[in-house]
Amino acid sequence: MATGVFRSLRGYNYRVWAAGALVSNVGTWMQRAAQDWLVLTQLTHHSASAVGTVMALQFGPQLLLLPWTGFAADRFSQRKLLMATQATMGALALALGVLTVTSVVQLWHVYVLAFLSGCAAAFDAPVRQTFVAELVGDADLSNAVALNSTSFNAARMIGPAAAGVVIASVGTGWAFLINGASFVAVLASLSLLRVSELRLSARARRSKGGFTEGFRYVWSRPDLKAILVMLFLIGTFGLNFPIFISTMAVGVFHTDARGYGLLSSIMAIGTISGALLAAGRSSPQFVSLLISTLSFGLGCTLAAIAPNYWLFAGALVVIGVAALTFTNTTNSLMQLSTEPAMRGRVMALRLGIALGGTPIGAPIVGWVADHAGPRWSLCVGAASGLGAAIVAAYALRRRVHRPRQCHLEGQGLP
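An unreviewed UniProt entry lists the protein under the name Major facilitator superfamily protein, with Pandoraea horticolens as the source organism. Word for word, the UniProt comment on the protein under Subcellular location (unreviewed entry) is "Cell membrane".

Caption draft 1: The packing of helix 2 (residues 48–59) against helix 16 (residues 358–371), seen in detail. Running from amino to carboxyl end, helix 2 crosses helix 16 at an angle of 175°, the nearest separation of the two axes being 8 Å. Accordingly, the angle class assigned to the pair helix 2 and helix 16 is roughly antiparallel. From helix 2, Ala 48, Ser 49, Gly 52, Met 55, Ala 56 and Phe 59 reach across to helix 16, where they touch Thr 358, Pro 359, Ala 362, Pro 363, Gly 366, Trp 367, Ala 369 and Asp 370.

Caption draft 2: Representation of the nonpolar core within the structure. Counting residues in hydrophobic clusters, the biggest one holds 80 residues, and the most contacted among them are Met 230 and Phe 312. Broken down by element, the residue count for this core peaks at 11 residues, all from helix 14 (residues 309–336). No fewer than three residues from each of domain 1 (10–198) and domain 2 (207–401) sit in this core. Every residue in contact with Phe 312, bar those within four places of it in the chain, is listed here: Phe 244, Met 248, Phe 253, Leu 263, Ala 303, Ala 306 and Leu 378. Residues Val 136, Val 145, Leu 193 and Leu 198 belong to the second largest nonpolar core, which totals 28 residues.

Caption draft 3: Here's a closer look at the packing of aromatic side chains. Scanning the entire structure with this criterion turns up eight aromatic pairs. Centre to centre, the rings of Trp 37 and Tyr 260 are 5.6 Å apart; their planes meet at 20°, and the pair counts as stacked. With Trp 37 in helix 1 (residues 12–43) and Tyr 260 in helix 12 (residues 257–280), this pair connects stretches of sequence that are 223 residues apart. No difference in accessibility class separates Trp 37 from Tyr 260, as the two residues are buried. Relative to Trp 310, the ring of Tyr 309 lies with its centre 5.0 Å away and its plane at 80°, an arrangement referred to as edge-to-face. Here Tyr 309 falls in the buried class, since its relative accessible area comes to 12%. Members of the aromatic cluster, connected to one another through ring pairs, are Phe 253, Tyr 309, Trp 310 and Phe 312. Lying over the aromatic face of Trp 29, Arg 32 brings its terminal NZ or CZ to 4.7 Å of the ring centre. Between Arg 194 and the ring centre of Tyr 12, over which it is positioned, the NZ or CZ distance is 3.7 Å.

Caption draft 4: Summary view of the side chain of Gln 35. Mapped onto the elements, Gln 35 comes out in helix 1. Discounting chain neighbours no more than four positions away, the residues touching Gln 35 are Val 54, Gln 58, Leu 96, Val 110 and Phe 176.

Caption draft 5: Structural view of the domain arrangement of the protein. Assigned domains within the protein: domain 1 (10–198) and domain 2 (207–401). Relative to domain 2, the C-alpha centre of domain 1 lies at a distance of 19 Å. Between domain 1 and domain 2, the residue contacts involve 46 residues of the former and 57 residues of the latter. It is Trp 37, Gln 129 and Arg 156 in domain 1 that bury the most area against domain 2; as a group they hold 13% of the surface buried on that side. Taken together, the connections running from domain 1 to domain 2 amount to zero salt bridges. For the interface between domain 1 and domain 2, the tally reads four residue pairs in polar contact (both at pLDDT 80 or more). Listed by contribution, the elements that provide at least two residues to the side of domain 1 that touches domain 2 are helix 1, helix 2, helix 3 (61–64), helix 4 (66–75), helix 6 (107–136) and helix 7 (141–169). If one sorts the elements of the side of domain 1 that touches domain 2 by residue count, helix 7 sits on top with 17 residues. Across the side of domain 1 that touches domain 2, the residue classes break down as 26 nonpolar, 16 polar and four charged.

Caption draft 6: Representation of the environment of Leu 311 in the model. Looking at where Leu 311 falls in the secondary structure, it is placed in helix 14. For Leu 311, a relative accessible area of 48% translates into the label partly exposed. Spatially, the C-alpha atom of Leu 311 lies 34 Å from that of Gln 129, the residues being 182 residues apart in sequence.

Caption draft 7: Structural context of the pattern of salt bridges. Going through the model one piece at a time under the given rule, you end up with three salt bridges. Two residues, Asp 124 and Arg 128, come together in a salt bridge whose shortest N-O distance is 2.6 Å. With a gap of four residues between them, Asp 124 and Arg 128 both fall in helix 6, about one helical turn apart. We classify Asp 124 as buried; its relative accessible area is 0%. A residue is classified by how much of its surface remains accessible, and Arg 128, at 31% relative accessible area, is partly exposed. For Asp 223, the salt bridge goes to Arg 221, with nearest N and O atoms at 2.8 Å. Of the two residues examined, Asp 223 and Arg 221, each falls in the buried class.

The rules behind the values
- Residues numbered from 1 in each chain as written.
- Predicted model: local features only at pLDDT ≥ 70, side-chain atom pairs only at ≥ 80, totals over all residues.
- Heavy atoms only, no water.
- UniProt positions renumbered as here; feature names shortened; annotations may be inferred.
- Axes fitted to C-alpha atoms, helices over the stretch in contact; angles between N-to-C directions.
- Helix = DSSP H or I, 4+ residues; strand = E, 2+ residues; numbered from the N terminus.
- Parallel < 35°, antiparallel > 145°, perpendicular 65-115°, else oblique.
- Contact = heavy atoms within 4.5 Å.
- Core = buried A, V, L, I, M, F, W, Y, C linked by side-chain atoms within 4.5 Å.
- Buried < 20%, exposed > 50% of the residue type's maximum accessible area, 1.4 Å probe, protein only.
- Domains from an automatic or database assignment.
- Phe/Tyr/Trp six-rings, centres within 6.5 Å; stacked < 30°, edge-to-face > 60°.
- Lys NZ or Arg CZ within 6 Å of the ring centre and 35° of its normal.
- Buried area = accessible area lost by both parts, 1.4 Å probe.
- Salt bridge = Lys/Arg side-chain N within 4 Å of Asp/Glu carboxyl O.
- Polar contact = N/O pair within 3.5 Å; in protein donor to acceptor, adjacent residues only side chain to side chain.
- Nonpolar A, V, L, I, M, F, W, Y, C, P; charged D, E, K, R; others polar.

The structure is reproduced here in structure tokens:
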């Protein structure tokens, strides 16, 4: 097996995919920052609840469409499905940009487009994650997952800061237009792949019980159930960074768009560090979930009590490392321990629970920020980290991760 932090980049297909994805990811992070700023400062009077509603509409389809998204990833050509979802999200970004540049955008426009984009993303996310196995194979899957996260979070360092400059210079709408144009890069990379070199996995057969089959598979695996409980806690109440960062930036530290964008970029230093650490590991370990969830809770606590802007930014680095270690480890553990023909459905369940809890958690966290203050909303995130750590400790005590080890040993993997 090849070694090295960047070993997946030795393959032509992965290099092409990674290049296109990096450009698109920068645009995606520009849109996320600009959308939160638009809602918080231009369409409402600093309403964290409105930001929470946008997040709920954007991530709710992950759970709403769960019976179809995972089976689509297992059933259809992943490359063609990705081209369709990426083109759709690009068109929606352009639509929001046009509405904003022409000064006709209203809050309900953002709500509708966030929901439609969320529907496209619900089909995109599981296939985009499982498509990595077709690019590099199982041997380098964990490394490729980590490098994907590195790319996504390198873009996170660039995108929000660039969005802050664009917003201050030419207006919020141009950030959306730039994002729409960035999807051309990933569509070009998908069209340039060498199809003959893809490591095609077994496709699921068409059946009425496709979704329930995936649910039964997960239910029979104590290790997967423990991971999903942790993902629900962290995903629902902890991964609400648009609310945490925007409300602290505006309501506590009274920064402008540049200061807000810089906070998101600083957090990316932590997430990139976490992703690179994961890329250097030979295989994912369950104990990493306990360490990362405890660290996440500690980071949120430090952010909640930070007395000034720069100490808050430092706490965001801790949160970023912990969050990426946690999410990357769950991704790799679940993919490597799952039968190839079931991966799409299992990963859709993972995303549905991790992101589908946002319609529950984001409005709650937004309400707490509005009524008790942004610092208390971070306390909710800290509690989610502690709760997930308790689940991880219980799982390790019961050794529910043994089925994964046995499965990997049966495949000759570490």
